[in-house]
Amino acid sequence: MTGWSRRRLLRTALSTALVPATAALSSASPALAATGEWRFRRGVNAWPWFALTREFPAPRTDYDWPPFQPQRPVPTPDDLRRLRRTGLDFVRLPVDPGPFLAADAATRAKLLAMLDDAVAAVIDADLGIIVNVQANGATHYWNPDRMVSSTAAPEFRAYRALVGTLANRLQRFPSGMVALEPVNEPPQSCSSNVWSNVQAALLTAARASSQTLPLVVTGGCGSMVSGLAALDPEPLAAFEPILFTFHFYEPYLFSHQGAPWMREPVYRALNNVPWPASAGSLERTLASVRARMAGDTETSEADKQAAYAETERVLKVYFDARPDRWFVDKYIGQARDWADSHGIAPTRVIMGEFGALRTDARYVAAPNPDRARYIADVRQSAEASGFPWAFWDLFDGMGMMDDKTRSLDPAMVDALGLRMPE
């Protein structure tokens, strides 16, 4: 949910789906051997367990203690056991590397022990876990640009060393239950050699610490399907056992409507976008946008008018395209084509994030019935291709569990093909 995919231009939200799918590569590489079996089929992301930090402002580059905001929602052992009873079998745990890299040796040891305890708690609940090193793009110093933009990035060596440390610690947990994903949504372009070099260096550091820990690899372009489609898996075979991942939020006009973190002004007032598009109309959605803008007292009228004009334009594209399950299948089918062309079992390709922002007390976004239909379509499409998945998110506006009451959202449980725990 961070990085390149949030910064891409709006016009790419639908255009890719309106052209023929990328053809399979002309010659398939030799089958890449799957090594081992893992507890990664149906999962959920557990942000912000190791996120939402308390960094000091510039020029300082360190964090307060404890470095994570105390009011953030953190799953309890009972929460984790209930997740297991829904039918989920793993957790993807995003971990902000900033506090670890800024800390002195003693403080880092405390943080690593905290992470060990979290991994142990997940496994004790009979859930697998993928630990994902997820840099925070909003942090002034310990951000993706300074850490993983290239192997020459100012803090790349420190980041690489942390990946090695994590691989060493995670290998001590039961085999088949744990994996390490060194980077979240790399910011480089789809076919970037820079990203290939960064990923190879990180995988080399991980393998120096553990020969057997499964490692999760990805393509550029923020881990989008197009990044996976451009990834050459052959050089990565040296790092087996490996899994692959991509993220799915298309069309962003639906999944990210009303998201205040999006930089493009069109998203801030966007709401009541239906799924599928045929469930609503351009006129009703634009009326909802106008009502939302009318209540905005912070934005100038000139900026509102400009945002509305752009919103009207992109929504016309959305409704003219009439996205439905076919739209989702077209995108996810490209990931399956890539796997087939390289002889990679689809069970080794994880859709590591997918979701949509809901309308609730904090956000004005997707209508909840439409959100449930979208989540069901994406989940079913991934399963039809044989891909494991991890829903974004456990908590917050894209979540399936209430931050305070810890009650599960029955609509999300049903959309994910799970069952409400007794």
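Draft legend 1. Representation of the overall build of the protein chain. For the protein chain, the count of helices and strands is 16 helices and 10 strands. Relative to the 2.2 N^0.38 estimate, which gives 22 Å for 422 residues, the radius of gyration of the protein chain is 21 Å and therefore close to what a compact globule would have. For the protein chain, the proportion of its 422 residues judged to be buried stands at 57%. Sequence-distant contacts, at least 24 apart, represent 76% of the contacts inside the protein chain between residues at least 6 apart. Placing the 44 positive and 46 negative side-chain charges of the protein chain at their respective mean positions leaves the two points 1 Å apart.

Draft legend 2. The pairing of strand β4 (residues 90–95), seen in detail. The element β4 is extensively covered by neighbouring structure, given that six of its six residues are classed as buried. Burial along β4 is two-sided: the residues Phe-90, Arg-92 and Pro-94 and Val-91, Leu-93 and Val-95 are all buried. When β4 meets strand β5 (residues 128–133), the two strands line up parallel, connected through six bridges. Looking at the pairing, Val-91 lines up with Ile-129 of β5.

Draft legend 3. The arrangement of the nonpolar core in detail. Ranked by internal contacts, the top residues of the largest apolar core, which has 123 residues, are Leu-180, Phe-244, Phe-248 and Met-400. If we ignore the near neighbours within four places in the chain, the residues touching Phe-248 are Val-225, Val-328, Tyr-331, Ile-332, Met-351, Glu-353, Phe-354, Gly-355, Tyr-374 and Val-378. Counting residues in each nonpolar core, the second largest holds nine residues, with Ala-179, Val-216, Leu-243 and Ile-350 among its members.

Draft legend 4. Highlighting the packing of aromatic side chains. For the structure on display, the rule yields 17 aromatic pairs. Geometrically, the ring pair formed by Tyr-141 and Trp-142 is edge-to-face, given 4.8 Å between the ring centres and 80 degrees between the ring planes. Exposure remark for Tyr-141: the relative accessible area of 17% places this residue in the buried category. Aromatic rings pair up to connect Phe-248, Trp-326, Phe-327 and Tyr-331 into one cluster.

Draft legend 5. Just the packing of helix α12 (residues 282–294) against helix α13 (residues 301–321), in detail. The geometry of α12 relative to α13 is characterised by a closest axis approach of 11 Å and an angle of 160 degrees between their N-to-C directions. The orientation of α12 with respect to α13, classified from their angle, is roughly antiparallel. Regarding α12 and α13, the two cross each other, and that crossing is right-handed. Residues Leu-282, Thr-285, Leu-286, Val-289, Arg-290, Met-293 and Ala-294 of α12 touch α13, and the partners they reach there are Lys-304, Ala-307, Tyr-308, Thr-311, Glu-312, Leu-315, Lys-316 and Phe-319. Taken together, the residues of the contact of α12 with α13 sort by class into nine nonpolar, two polar and four charged.

Draft legend 6. Summary view of the side chain of Asp-377. Assignment of secondary structure puts Asp-377 in helix α15 (residues 368–384). Buried within the structure, Asp-377 lacks any salt-bridge partner; its nearest side chain of opposite charge belongs to Arg-325, at an N-O separation of 4.5 Å. When neighbours within four sequence positions are excluded, Asp-377 is seen to be in contact with Trp-275, Asp-324, Arg-325 and Val-328.

Draft legend 7. Local environment of the state of the cysteines. Per the counting criterion, the structure on display carries one disulfide. With its sulfur 1.8 Å from that of its partner, Cys-190 forms a disulfide with Cys-221. Between Cys-190 and Cys-221, the disulfide has an S-S torsion of -125 degrees and is therefore left-handed. Taken together, the residues Cys-190 in the loop between β6 (178–181) and α8 (193–209) and Cys-221 in helix α9 (residues 220–223) connect sequence positions 31 residues apart. The class of Cys-190 is partly exposed, set by a relative accessible area of 25%.

Draft legend 8. Spotlight on the pattern of salt bridges. Taken as a whole and assessed by the stated rule, the structure comprises 23 salt bridges. For Arg-60, the salt bridge identified is with Asp-62, shortest N-O distance 2.8 Å. As a salt-bridge pair, Arg-325 and Asp-329 come within 2.7 Å of each other at their nearest N and O atoms. With Arg-325 and Asp-329 both in helix α14 (residues 325–341) and four residues apart, the pair spans about one turn of that helix. In this structure Asp-329 comes out as partly exposed when scored by relative accessible area, which is 31%. Residues joined in a network through salt bridges with shared partners are Arg-358, Asp-360, Arg-362, Asp-396 and Asp-403.

Draft legend 9. Local environment of the confidence of the model for the protein chain. For the protein chain, mean pLDDT is 92; residues scoring 70 or higher make up 91% of the total. In the predicted structure, residues 2–35 sits below a pLDDT of 50 and forms 81 contacts with residues beyond four places in sequence or in another chain.

Draft legend 10. Up close: α14. The end-to-end C-alpha distance of α14, which contains 17 residues, comes to 24 Å, matching closely the 24 Å that a straight helix rising 1.5 Å per residue would cover. The complete set of buried residues in α14 reads Phe-327, Val-328, Tyr-331, Ile-332, Gly-333, Gln-334, Ala-335, Trp-338, Ala-339 and Ser-341.

Draft legend 11. Here's a closer look at unusual backbone geometry. For the peptide bond that leads from Trp-65 to Pro-66, omega is -5 degrees, which places it in the cis range. With respect to the helices and strands, Pro-66 occurs in strand β3 (residues 63–68). Looking along the chain, the bond that leaves Glu-250 and enters Pro-251 is cis, with omega of -10 degrees. Secondary-structure assignment places Pro-251 in the loop between β8 (242–248) and α11 (252–255). One non-glycine residue with positive phi stands out, namely Asp-126, at about 65 degrees. In this structure Asp-126 comes out as partly exposed when scored by relative accessible area, which is 35%.

What counts as what
- As a convention, each chain's residues are numbered from 1 in the sequence order in which they are written.
- Residues qualify for local features only when their pLDDT is at least 70, as the model is predicted, and side-chain atom pairs are given and counted only at 80 or more; totals for whole chains, interfaces and linings, by contrast, use all residues.
- To obtain the side-chain values, all non-hydrogen atoms of the structure were used and water was disregarded.
- The helix count covers DSSP runs of H or I at least four residues long, the strand count covers runs of E at least two residues long, and both are numbered beginning at the N terminus.
- Within these notes, the globule rule equals 2.2 Å times the number of residues to the 0.38 power, and the radius of gyration is based on C-alpha atoms.
- Throughout, exposure labels follow a simple rule: accessible area from a 1.4 Å probe, protein chains only, divided by the maximum for the residue type, with under 20% read as buried, over 50% as exposed, and the rest as partly exposed.
- Two residues qualify as a contact provided that any one of their heavy atoms is within 4.5 Å of a heavy atom in the partner residue.
- The charge count includes Lys and Arg as positive and Asp and Glu as negative, but it does not include His or the ends of the chains.
- Working definition for charges: the position is that of NZ of Lys, CZ of Arg, CG of Asp or CD of Glu.
- A pair of strands is treated as paired once DSSP finds two or more bridges between them.
- Residues grouped as a nonpolar core are buried Ala, Val, Leu, Ile, Met, Phe, Trp, Tyr and Cys residues, joined through side-chain atoms within 4.5 Å.
- Pairing of aromatic rings covers Phe, Tyr and Trp, the last through its six-membered ring, and needs centres within 6.5 Å; plane angles under 30 degrees mean stacked, over 60 mean edge-to-face, and all others mean tilted.
- Axis definition: a line fit to C-alpha positions, over the contact stretch in the case of helices; interaxial angles, taken between N-to-C directions, run 0 to 180 degrees.
- Working rule for angles: under 35 degrees goes down as roughly parallel, over 145 as roughly antiparallel, 65 to 115 as roughly perpendicular, anything else as oblique.
- Take the far helix as the reference: if the near one is turned anticlockwise from it by less than a right angle, the crossing is left-handed, and if turned clockwise, right-handed.
- Note that Gly is not counted as nonpolar here; it falls among the polar residues with everything else outside the nonpolar set of Ala, Val, Leu, Ile, Met, Phe, Trp, Tyr, Cys and Pro and the charged set of Asp, Glu, Lys and Arg.
- A carboxyl oxygen of Asp or Glu within 4 Å of a side-chain nitrogen of Lys or Arg is what we treat as a salt bridge.
- In this description, the term disulfide denotes a pair of cysteine sulfurs within 2.5 Å.
- pLDDT is a per-residue confidence score from the predictor, ranging from 0 to 100.
- Each helix should span, by expectation, one fewer than its residue count multiplied by 1.5 Å.

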